[in-house]
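# Residue-level structural notes
Listed below, chain by chain, are the residues.
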Amino acid sequence: MSNRLKDNINSRYFEAANALKSKQSRRRIVAYVEAYDDIYFWRTVLSEFEDEHRYFEVMLPSKASLTRGKKSVLMNFLEGEPLGRDMIACVDADYDYLIQGRTAQSKKVLESPYVFHTYVYAIENFQCYAPSLHNVCVSVTLNDHRIFDFRDYFASFSEAIFPLLVWSVLLYRNGNYPKFSISDFNRIADPGGFNVQDPEPSLANVRRKVGVKIRDLQRLFPDAKAEYLALKNEMKTLGITPQTTYLYIQGHHLFDAIVAPVLTKVCNLLRQERQNEISRARAHMTQKRNELSCYENSLQDVKTMLKKNTGYMASEPFRRLQDDVRRYLDQSA
């Protein structure tokens, strides 16, 4: 029996099971996600919509195997009809949103009423939502002193890489992505050395690398100017602005290679600042040791707190995702 047939049978089973329940019972909606980390994110998304009439169960696509990932979640949506009103797929947008239906997968992700996507590249981009990063620092260090402007830095970083994102999406749309892959993009978008007190050199480094690559792409595709300008305007209608480009680059790269290192350096300074305050305020050495021990035992890991960050719930892409879920529930009530 094919996986698609199995899941269609599962969908009918869940619908039939829900129909057999009394009118007072809650409707169960199964939400398939890509990986373990996605379970917490999508639980956060869907919890708001649970009530006395319905609840969601967020799970991986298969309990019988270790198969994970977007393709595993979507395989049953790529052919035939959607699985059903009581089974949904919740996935990262990746480039499927940006390429706007140029592939079969992108078309299904955007058009199926039972597939929900992040609008930003991945859940990691939400976790790295710049306006929320100060709060992550506070959760890590228990120090609320604002020593770094995350909004300004990532707006400037985004402005630097925006032209490159336009080129990347253009080439993925027309099939020329081997000429400039996402991995190539990641290497250029890496700021390299970052200094909390003087972040401008890291931004200048990104601007320099972007300029070199754009000149290279212009030589490779001399007739692409009109297409580039049209796509640049279209992307703005999709919600991608020059100041928010960081939300649309590869999530793992943003999380691991850019945001986590920046946060770590900021948090290290905040920890040191708090430790110095304790040292200056102590009455005697025993009190100092006890207070420092108490403080250090309360500290948290940067990546752990970043993964638990929910400050993105105020962002425009997240509100669009919520609107999609709300529309689905209204139509399938």
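First, a word on scope: everything that follows refers to the structure included in this document. (Residues numbered from 1 in each chain as written. Predicted model: local features only at pLDDT ≥ 70, side-chain atom pairs only at ≥ 80, totals over all residues. Heavy atoms only, no water.)

## A look at helix H4 (residues 104-111)
Taken residue by residue, H4 has Gln 105, Ser 106 and Val 109 as its buried positions. One side of H4 holds all its buried residues, which, seen down the axis, span an arc of 100°. Away from the buried face of H4 by more than 90 degrees, exposed residues Ala 104 and Glu 111 are located. Among the structural elements, helix H3 (70-74) and strand S4 (115-117) are those in contact with the buried residues of H4. (Buried < 20%, exposed > 50% of the residue type's maximum accessible area, 1.4 Å probe, protein only. Helix = DSSP H or I, 4+ residues; strand = E, 2+ residues; numbered from the N terminus. Arc of directions from axis to C-beta. Contact = heavy atoms within 4.5 Å.)

## Observations concerning the nonpolar core
Among the nonpolar cores identified, the biggest contains 89 residues, and Trp 42, Phe 154 and Phe 157 are the most heavily contacted of them. Looking at this core element by element, the count peaks at 14 residues for helix H7 (residues 150-173). Apart from the residues within four sequence positions on either side, Phe 157 is in contact with Ala 189, Pro 191, Leu 203, Val 206, Tyr 246, Ile 249 and Ile 258. (Core = buried A, V, L, I, M, F, W, Y, C linked by side-chain atoms within 4.5 Å.)

## Considering the packing of H7 against helix H9 (residues 200-220)
Look at H7 against H9: their axes get within 10 Å of each other, and the N-to-C directions meet at 20°. By the angle between their directions, the pair H7 and H9 is classed as roughly parallel. Where H7 crosses over H9, the two elements pack in a sense that is left-handed. Within the contact between the two elements, H7 uses Tyr 153, Ser 156, Phe 157, Ala 160, Ile 161, Pro 163, Leu 164, Trp 167 and Leu 171 and H9 uses Ser 202, Leu 203, Val 206, Arg 207, Val 210, Lys 213, Ile 214, Leu 217 and Gln 218. For the contact of H7 with H9, a count of residues per class yields 13 nonpolar, three polar and two charged. (Axes fitted to C-alpha atoms, helices over the stretch in contact; angles between N-to-C directions. Parallel < 35°, antiparallel > 145°, perpendicular 65-115°, else oblique. Left-handed = near helix turned anticlockwise from the far one by under 90°. Nonpolar A, V, L, I, M, F, W, Y, C, P; charged D, E, K, R; others polar.)

Any functional reading would require information that these geometric values do not contain.
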